[in-house]
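Coordinate inspection notes
Residue strings, one per chain:
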Amino acid sequence: MSDSVSLNASKERGARTYSGYLMFAVAMLLLGVFIWSIFNAIEMQGGIGRIGASIGWFVAFTIASSGFYMLQPNQAASITMFGSYQGTDRKEGLRWVWPWMTSTKISVRANNLISEKIKVNDLRGNPIEIAAQVVWRVTDTAQALFDVDDYKAFVLAQIEAAVRTIGSRYPYDDIEHKEVTLRGNHDEVGAELRTVLMERLAVAGITVDECGFTHLAYAQEIAGAMLRRQQAEAVIAARKKLVEGAVTMVEMALHQLSEKDVVHLDDERKAAMVSNLMVVLCGERDTQPVVNTGSLYQ
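Structural notes, computed from the coordinates. Nothing here was measured: the structure is a model prediction, and the numbers come from that model. (Residues numbered from 1 in each chain as written. Predicted model: local features only at pLDDT ≥ 70, side-chain atom pairs only at ≥ 80, totals over all residues. Heavy atoms only, no water.)

1. Observations concerning the overall build of the protein
- Along the protein, the regular secondary structure elements total seven helices and ten strands.
- Relative to its 298 residues, the protein shows a buried fraction of 32%.
- Sequence separation of 24 or more characterises 70% of the internal contacts of the protein that already satisfy a separation of 6 or more.
- Counting only carbon and sulfur atoms, one obtains 57% of the accessible surface of the protein, whose full area is about 19300 Å². (Helix = DSSP H or I, 4+ residues; strand = E, 2+ residues; numbered from the N terminus. Buried < 20%, exposed > 50% of the residue type's maximum accessible area, 1.4 Å probe, protein only. Contact = heavy atoms within 4.5 Å. Areas by Shrake-Rupley, 256 points an atom, 1.4 Å probe, with all protein chains shown as cover.)

Right under this line is the structure:
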C-alpha cells in the first residue's frame, strides 16, 4: 500500500523586480548606442569588431526591452523562472524583470458572485431552492495559482458545496420562533456560511468579505402545500392572540364593574355577560345590539 502524498502548500513572498521607467530609459539609451554603432560601422566601412559591437548593443537592447510588464491598482504579477516560483510583485505601474523570467498577472480585486439556484433538503427534509451572493478576493497569489488548478472554478464549486451544507443544517421556517431558521435568521446563518466558505477556500489563498442568501423558497412541488400550512398556522396564531386579548378585556370589565359598584352580578349574570363580551370581541362580523325589555330570566 503506497503512502499518500500531501499537497505542498505555497506561500506568497515578494519578488525581486525593478522599476520599468528606469529600465525604459536604459533601453532607449541602448537603442541610441546601437543606432550610433551602425552608422559608425558604415562610415568606417565595417570591420569585424565594429559589427560585433553593433550586434552586442542590439542584443543588450533586446534583453532590456523584453522584460516589461504593467500592473494596475489591485493587480499582482507572479514571477517564475523555469517553472520555479520567485515571488509576487504588487507594485503598480510599469515594471521590469529579466526576460528569462515569466510574469503571470492575477487580480486581487473584490469579486461579486451570485450562485445558481440549487435544490437542497432542509433540516426537516423539505426541498427548498436556495442561492447565495458572495464577495471574495485573492489574498495569497501563490496559493491561488499553484495550489489549485483553476481558482475561479474552485470558488464556484466550494460555494455550491457550502450552500448545500448550510441549507441542510437548519429548517426553512419555524412558526413558534424557537429554532434558528434559514428564513428568520439571515444574519446568523450568513455569518456561518461565511465561516464555512473561508475554511473551504483557505487552501486557495482566498478570503470572503461578505455573503448572504439572494433566493430562498420552497421547491415548486411543495410550495402550494407549504403556503397553505403557513396560512393555517398564521390564522391559529392570530386567533390565539385574539382570545388572549378578549379574556383580558372581559376580566378587566368585570373587575371594574365590581370595584366601582356599578352593578351587582350573580354567577349566572356574570356568565351571560362573559358570553356576550366574548362573542363581541372574538367575532369576525359586526355585532347587532338586542334590546331586552324583560329580565334575564324571562
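2. Topic: the pairing of strand β3 (residues 75-81)
- Within β3, six of the seven residues are buried, leaving the element largely enclosed by the surrounding structure.
- With six bridges joining them, β3 and strand β6 (residues 102-107) adopt antiparallel strand pairing. By the bridge assignment, Gln75 is partnered in β6 with Ser107.
- Where β3 lies against strand β4 (residues 84-89), five bridges are found, and the strand directions are antiparallel. Looking across to β4, one finds that Ala77 is bridged to Asp89. (Pairing = 2+ DSSP bridges.)

3. Details of the pattern of salt bridges
- This structure, assessed with the given rule, holds six salt bridges.
- Of the charged contacts, one joins Glu179 and Arg124 as a salt bridge, the two residues approaching to 2.4 Å between their closest N and O atoms. Remark: Arg124 occurs in the loop between β8 (118-121) and β9 (127-138) and Glu179 occurs in the loop between α4 (151-169) and α5 (186-201); sequence separation between them is 55 residues.
- Here Glu192 ties to Arg169 by a salt bridge, and the two come within 2.4 Å at their closest N and O atoms. Of the two residues, Glu192 is situated in helix α5 and Arg169 in helix α4; the sequence distance between them amounts to 23 residues.
- Look at Arg169 and you get partly exposed, because its relative accessible area is 38%. (Salt bridge = Lys/Arg side-chain N within 4 Å of Asp/Glu carboxyl O.)

4. Concerning the packing of aromatic side chains
- In total, this model carries seven aromatic pairs according to the counting rule given.
- Ring geometry for Phe34 versus Phe58: centroids 5.3 Å apart, planes at 50°, classification tilted. Here Phe34, found in helix α1 (residues 20-43), pairs with Phe58, found in helix α2 (residues 48-65); they are 24 residues apart in sequence, far enough to count as distant.
- The class for Phe34 is buried, based on a relative accessible area of 18%.
- Classification of Phe58 as partly exposed rests on a relative accessible area of 41%.
- Of the aromatic side chains, those joined through ring pairs into one cluster are Tyr18, Trp96, Trp98 and Trp100. (Phe/Tyr/Trp six-rings, centres within 6.5 Å; stacked < 30°, edge-to-face > 60°.)

5. Details of unusual backbone geometry
- Despite not being glycine, Asn74 has its phi angle at roughly 60°, a positive value.
- Within the element layout of this structure, Asn74 appears in the loop between β2 (68-71) and β3.
- The class for Asn74 is exposed, based on a relative accessible area of 52%.
- Residues other than glycine seldom take positive phi values, yet Phe82 does so here, at roughly 55°.
- Relative to the assigned elements, Phe82 resides in the loop between β3 and β4.

6. Focus on a nonpolar patch on the surface
- Together, Ile51, Ile55, Phe58, Val59, Ile63, Phe82, Trp98 and Trp100 give the surface a local cluster of nonpolar side chains, amounting to about 820 Å² of exposed area.
- Mapped onto the elements of the fold, Trp98 is located in the loop between β5 (93-96) and β6.
- The class of Trp98 is partly exposed, set by a relative accessible area of 35%. (Patch = residues over 30% accessible without salt bridge, like charges linked within 9 Å, V, L, I, M, F, W, Y side chains within 5 Å.)

7. Some remarks on the nonpolar core
- Ranked by size, the top nonpolar core spans 36 residues in total, and within it Trp136, Val138, Tyr151, Leu193, Ile206 and Phe213 carry the most contacts.
- Sequence-distant contacts of Val138, defined by excluding residues within four places in its chain, comprise Ile106, Ser107, Val108, Ala144, Tyr151, Gly205 and Ile206.
- With seven residues, the next largest nonpolar core counts Ala15, Ala77, Val97 and Met101 among its residues. (Core = buried A, V, L, I, M, F, W, Y, C linked by side-chain atoms within 4.5 Å.)

8. Some details on the side chain of Thr141
- Inspection of the secondary structure puts Thr141 in helix α3 (residues 141-146).
- Judged by its relative accessible area of 0%, Thr141 falls in the buried class.
- When residues no more than four places from it in sequence are discounted, the contact partners of Thr141 are Glu12, Ala76, Tyr85, Thr88, Arg90, Ile106 and Val108.

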